[in-house]
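A structural walkthrough
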Amino acid sequence: MNLQEHNISDNNFEQCIKCTVCTVYCPVAAVNPAFPGPKQAGPDGERLRLKKNNFYDETLKYCLNCKRCEVACPSNVKIGDIIQSARIKYSEKKPKLRDFMLANTDLVGSLSTPFAPVVNAVLGLKPTKAVLDGVLKIDHRRTFPKYAFGTFESWYKKEAKKQASFPRQVSYFHGCYVNYNNPQLGKDLVKVMNALGIGVQLLKKEKCCGVALISNGFINQAKKQAEININSIRESVNQNNLPVIATSSTCTFTIRDEYPHLLGIDNADVRDQVELSTRYIYRLLMQEDIKLKFNGKKIKVAYHTPCHMEKLGWAYYSIELLKLIPNVELTVLDSQCCGIAGTYGFKKENYKTSQDIGESLFRQIEACDIDYVVTDCETCKWQIEMSTSKSCEHPISILAKALE
Amino acid sequence: MKFDTLIIGGGLAGLVCGIYLQKHGQRCVIVSSGQSALHFSSGSFDLLNYLPDGTPVERPFEVIGALKQQSPRHPYAKLGEDRFKELSNCVVDFLAEAGVQVVGNPEQNHYRVTPMGTLKPTWLTFKEQVVCEQEDKLPWKKIALFNITGFLDFYSRFIIDEFQRLGTECVLHEISFPAVEGLRQNPTEMRSVNIARLFDKQENLDELVRALKTVETDCEVIVLPAIAGLSRDNVLTYLEERVNKKVCLLPTLPPSVPGIRAQQQMRKAFERLGGVYMLGDTVLKADREGNSVVRVYSYNHGDIPFMMKNVVLATGSYFSQGLIAVPDKVYEPVLNLDVDFIANRKEWYDMNVFAPQAYEAFGVKTDDDFRGISQGQVLDNVYVIGSILEGFNAIKQGCGAGVSILSALYVAKRILSK
Amino acid sequence: MKQDTKKPFDVIIIGGGATGAGTARDCSRRGLNVLLVERFDIATGATGRNHGLLHSGARYAVTDKESAEECIKENMILRKIASHCVEETDGLFLTLPEDDINYQSKFVDACLQARIRAEVIDPKEALRLEPAANPSIIGAVRVPDGAVDPFRLTSSNIMDAKEHGATILTYHEVLEFLREQNRIIGIKVLNHRTKEIQEYYAPVVVNAGGIWGHNLAKLAGVNINMLPAKGALLIFGHRVNNIVLNRCRKPADADILVPGDTICLIGTTSSKVPFEEIDNMQVTPEEVDLLLREGEKLSPLLAQTRILRAYAGVRPLVASDNDPSGRSVSRGIVLLDHAVRDGLEGFVTITGGKLMTYRLMAEWTTDLVCKKLNVNVKCDTAEEKLPGSREEESEITKKIISIPKTQRNATIGRHGDRAERLANNTSLDNSLVCECEEVSVGEVKYALNELDVHNLVDLRRRTRVGMGTCQGELCACRAAGLMTSMHKYCTRRAKEDLASFLNERWKGMAPIAWGDTLRESEYTTWVYESICGLTLSQKQEE
């Protein structure tokens, strides 16, 4: 009888056997009693919501979508996806203006970068923070990521010709952060790829991956942007034969996994061709006889595994690349959530939760004698730099610094 | 990704095997699909409590011959008496080095206290927990039992009654203070681990000290549910120094704080030795060349395979999906190794839930070297360890942890001797 | 207690199913002094072992018009008087490609004749209404089916009876009838909990024992020929459908899929069983396979849905012919006045019928009892709402707003306005005992204090503790702990009780124990056997 042979329900929610392991690893439940916890909010709650949608509880918004419950689950239950899907399906709360501003990294970024010095200065001012806090409920204690003066895309325009001259090419999904806040990381990526003999192309059209839109409830807009991105990725992969690499672990995770799981966008034909630059480089170095040339400077770093990196399971590649640097002193920090989770930590109501979650990570970092914390996620970087005395860089930037 | 040994499954067996190999110079990776059953540990490891025919065992060393006769394919039977003794004798030190402090002696079972207050035979018990030498007696005459108000996974009444039956006076005290009440705002998350997290913080631990001190008692020992010492070392010593009494822990219902602590300590030990631990990944398929597995592919790593000399399968039983039961068969999903099971589903079960269930003894077939078998053919470099193995009933015989640890150590040594 | 037993009741009702409870309610509301005795707990027989379908009557429209008419009438009454036990889901009668589409018009005509609203709808519309239905359907009829929770319904009838002075004794088994010449004057019962034997007297004794009424009648010296027909069902882990799904064809096996509370269930099979087996029904692998095969035709999703448990009930059908399947036996109500039928005074049997018509059965029985006692009070059970169904959900919500939302909804779902008893819950009371079904400490306490709960299985029937996906994995132990802390019973008995609760759960899981259910069982066994050291032999030690 093959009946019931593959009885796997949506998001594996019925595979939950109530073992409580997820509750052990939820960073939110550990610090915020208002969050029902992954087991209740996820599979247990889903069963009730299937009975009647009034079992949906707005406290699910406290889930920061770190997916650490999923990584821990011995039953493969997509707990985080269940919670996020429930928010999408059942939440009746309209997102606020604040959420709109936080979610539209793209729009806000393109408005800000031309005036970066002014915007950065204003965002740093006490009165601005008071307004943000009082009116918009963006916590006044939060430091804003600085906007760069000029975008990565505008820098790249001048580079495009040179990049085209390389015999091998990849496409680069730079993300909003590289474009508006940290173009240097994009430049570093270009430097590293060039050192490997590879030129970097941009996608025909790149939109914000949409992670912040999803978490703030702008699902339709997220879907639209996702479609645009997937179409650009398709063109790159299928027509131009160029794989797509990214530097942001969250963008990568969103495009690969959240698109199909939360937005219902089929990316099966290109999913395997979207990956993190560190994984791409690792594969290249394993498969081919290419060597990077290093300057041999001493450097002490501690690697922090971002939540979505933990979920992807790809921290290994970034760590292995860092190990290639001669004279590197590498500490791998315990993999735990830093608490920011994108726009989550910016919200006034989440500030305390966010900082409480990160506390033990911050302590661990402060105890290290290091030059940099290294991580693949931009929002972890903001959080770490705001909450510790250390500065934080992407592994690609560290690699770029170490190159001859 | 090149490694000497790929261990699939990061529970007790996988970690013991990984630590041993890593310690002896191998480069290992553990791939674990989620957290392991150590999260539900009783705080003790059993070696052998009953023979397959139900005879109680007090001295495991003396019955391996009889065991071999009753269950020739029992993992202990495959090890043989000498190896069984040799391996089990070195476990206390091995675990201590891995950061897990246990007490116990393989020659003579001791007794642990269950969350229901009863005594149950066992081999090794975490050093913070109550250990009894006798089956019908506690080591103390007077006990002060403390529980956290509103903590539902610890049953003080059961414990008190059982203790009194064993001739020990036991008085219950309840503890509550603001931080604990804060936890209680959440209807579900007042779990052992969340309470333990409170007590990882100094100010709360001091509250606990104050609570323990306020009770004037002439008790010999203070007993608490296992809700302390999740990530903090020597919590009990800290308490004992301040209250001037011995302090012991009793297991709670899952999640198990001591079990999680053990898991974390062992993982750290493995990683400290240079091992790579990949959590939340699932092995999907393996490429074979002849009778060897040469490449293994996982969900997370896609087209980048694991390449290794040896594969150790430590994926556990049904719970961890090392074994999968469908209406007409039981199979091993990772490498599709041969499984020992009964074809007729009706015979898998006994209608008394507490009777031995046939399904509990199904498992992956191996040769005497614990090498896996695929369609009747022994594989050269695939070893199978832990609760996925055939030939024993971990629950009824009380030998789950013992099988995991000893088969792991044996296979590690076997791999090193190649 | 001795002097109590001397004081006669007006009526003694034997059987704590829906019919017995309904009769107790009706009699007590008409001013009679009622005693109800039940061998086990309420709703342990056929009452608690069926679909929980609030029949519109459509199923019987073609074959049994009388039953159909009774059903639709009672259906409308229950929606009103038992709103907290009823879910107004509606039902669809689906025609599959393998079914005869011509049956549909015959079916609709019969429904309309029985005054059952039956509306032919486009299959596409049916799929929009119920996406879980088989997409290959060629016809669909919408009828006013629904879901009814038999435990809740029985419990709330008992509650109302008690509030009108009735005495309810569960775990009291009738050993013999007390007679004076050709008259039954009382019963001798064994209290299973204290092992005491007591006598109770009343001028009328009602046999409402369902299939067990056969043996009760024999004990009283009269003969009723009942036919025990076993019906097996499967419970799925969550709701697949939100509308009752039926097959539009002559009633057959496994052709009803009912959403009920957090789960849904498919049933039933039908087979004749000997009387010796009626206390120990087990579902065979063949029955499981049949239910799955047929169920999948109603909703293909069932093939991917986890089965929680399998169970079987015994229909109390009164044999009118020699039909071996028990299907064409009339499900009509059988009320026997043994004075008229057998010349035995003071003894009445109410049987046949179905859960749907329990109230009508109770009304007829009470009418007869009243006639015998020369009481002339009109029945009001069709108008007066049951306890729990007397207030709107929004009103109740306001009164217990401090309870966390999901818990509050779950509790109101189970207890209706009686959930207001939890208004003063503290955060301690709000802690969940059963996480799958959101049963709080407060709710357990309420059930223990007010709802005649004597063990964990009783508690499950009142609160759904242990009815969720984990089938008692964590909650059973917590509930046992609570019961001892409330001094309901000693810890040794609590452990025995826990062991038998787990055994009872396993009985339903074993027939479908593969995949995740087996994983769950293995885990539960670790928790209770390995970690807690629980064994069934606790009982034998005693």
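Being a predicted model, the structure only gives us computed values, none of them experimental.

Thresholds applied
Residues numbered from 1 in each chain as written. Chains lettered and ligands numbered in written order. Predicted model: local features only at pLDDT ≥ 70, side-chain atom pairs only at ≥ 80, totals over all residues. Pairing = 2+ DSSP bridges. Helix = DSSP H or I, 4+ residues; strand = E, 2+ residues; numbered from the N terminus. Axes fitted to C-alpha atoms, helices over the stretch in contact; angles between N-to-C directions. Contact = placed C-beta atoms within 7 Å. Expected span 1.5 Å × (residues − 1). Buried ≥ 20, exposed ≤ 12 C-beta atoms within 10 Å, placed from the backbone. Domains from an automatic or database assignment. Core = buried A, V, L, I, M, F, W, Y, C linked by C-beta atoms within 7 Å. Right-handed = clockwise from strand over helix to strand, strands pointing away.

Residue and element names in this part refer to chain C. Overall, antiparallel pairing links the three strands, which are arranged S10-S11-S12 in an open sheet. The open sheet is flanked by strand S10 (172–180) and strand S12 (197–201), the only strands paired with a single partner. Strand after strand, the sheet turns through a mean of 30 degrees between neighbouring axes, direction not considered. Its contacts with the sheet place helix H8 (residues 213–220) against S10 and strand S11 (183–191), and it is angled at close to 30 degrees to S10.

Residues and elements named next belong to chain C. A rise of 1.5 Å per residue sets the reference length of helix H4 (residues 65–81), with its 17 residues, at 24 Å; its end C-alpha atoms lie 24 Å apart and thus fit the reference within 8%. When H4 is considered as a whole, its buried residues turn out to be Ser67, Ala68, Glu70, Cys71, Ile72, Glu74, Asn75, Leu78 and Ile81. Looking at the buried residues of H4, the elements they touch are strand S3 (53–54), helix H3 (58–61), strand S4 (86–87), strand S8 (146–148) and helix H11 (358–373).

Right, let's get into the domain arrangement of chain C. Segmenting chain C into domains produces domain 1 (2–45 + 151–225 + 331–373), domain 2 (86–147 + 227–314) and domain 3 (393–541). Each of domain 1 of chain C and domain 2 of chain C has a C-alpha centre, and these two points are 33 Å apart.

One finds Cys17 and Leu313 of chain B together with Val11, Ile12, Val34, Val433 and Ala479 of chain C to be the most contacted residues of the largest nonpolar core, which totals 432 residues. With ten residues, the single largest contributor to this core is helix H13 (residues 400–416) of chain B. Beyond its immediate sequence surroundings of up to four residues, Val433 of chain C is in contact with Leu152 of chain B together with Val439, Ser440, Val441, Val444, Val465, Cys475, Arg478, Ala479 and Leu482 of chain C.

Let us now look at the sheet that holds strand S4 (residues 102–104) of chain B. Sheet strands pair by backbone hydrogen bonding; their relative direction is either parallel or antiparallel. Residue and element names in this part refer to chain B. The strand order across the open sheet built from three strands is S3-S7-S4, with neighbouring strands paired in antiparallel fashion. Each edge of the open sheet carries a strand with a single partner, namely strand S3 (44–45) and S4. Note: S3 against strand S7 (residues 124–126), two bridges, orientation antiparallel. Among the inter-strand pairings, Ser44 is bridged to a residue of S7, identified as Thr125.

For the rest of this paragraph, the subject is unusual backbone geometry. Keep in mind that most residues, glycine aside, have a negative phi and that most peptide bonds are trans. Geometrically, the link from Pro254 of chain B to Pro255 of chain B is a cis peptide bond, its omega value of -5 degrees lying close to zero. With respect to the helices, strands and loops of the structure, Pro255 of chain B is situated in the loop between strand S12 (246–250) and helix H11 (257–272). Each neighbour pair has its own omega, and for Gly267 of chain C with Thr268 of chain C the value is -15 degrees, a cis peptide bond. Positionally, Thr268 of chain C belongs in the loop between strand S17 (263–267) and strand S18 (271–272). In this model, Asn244 of chain B sits at a positive phi of 55 degrees, which is unusual for a non-glycine residue. By the element assignment, Asn244 of chain B lies in the loop between helix H10 (235–243) and S12.

Residue and element names in this part refer to chain B. Buried residues dominate S12, accounting for four of its five residues. Note that strand S11 (residues 221–225) and S12 share five bridges and pair parallel. When the sheet's bridge partners are listed, Ile222 is paired in S12 with Val247. Chirality of the crossover, the property in question, places the unit of S11, H10 and S12 among those that are right-handed.

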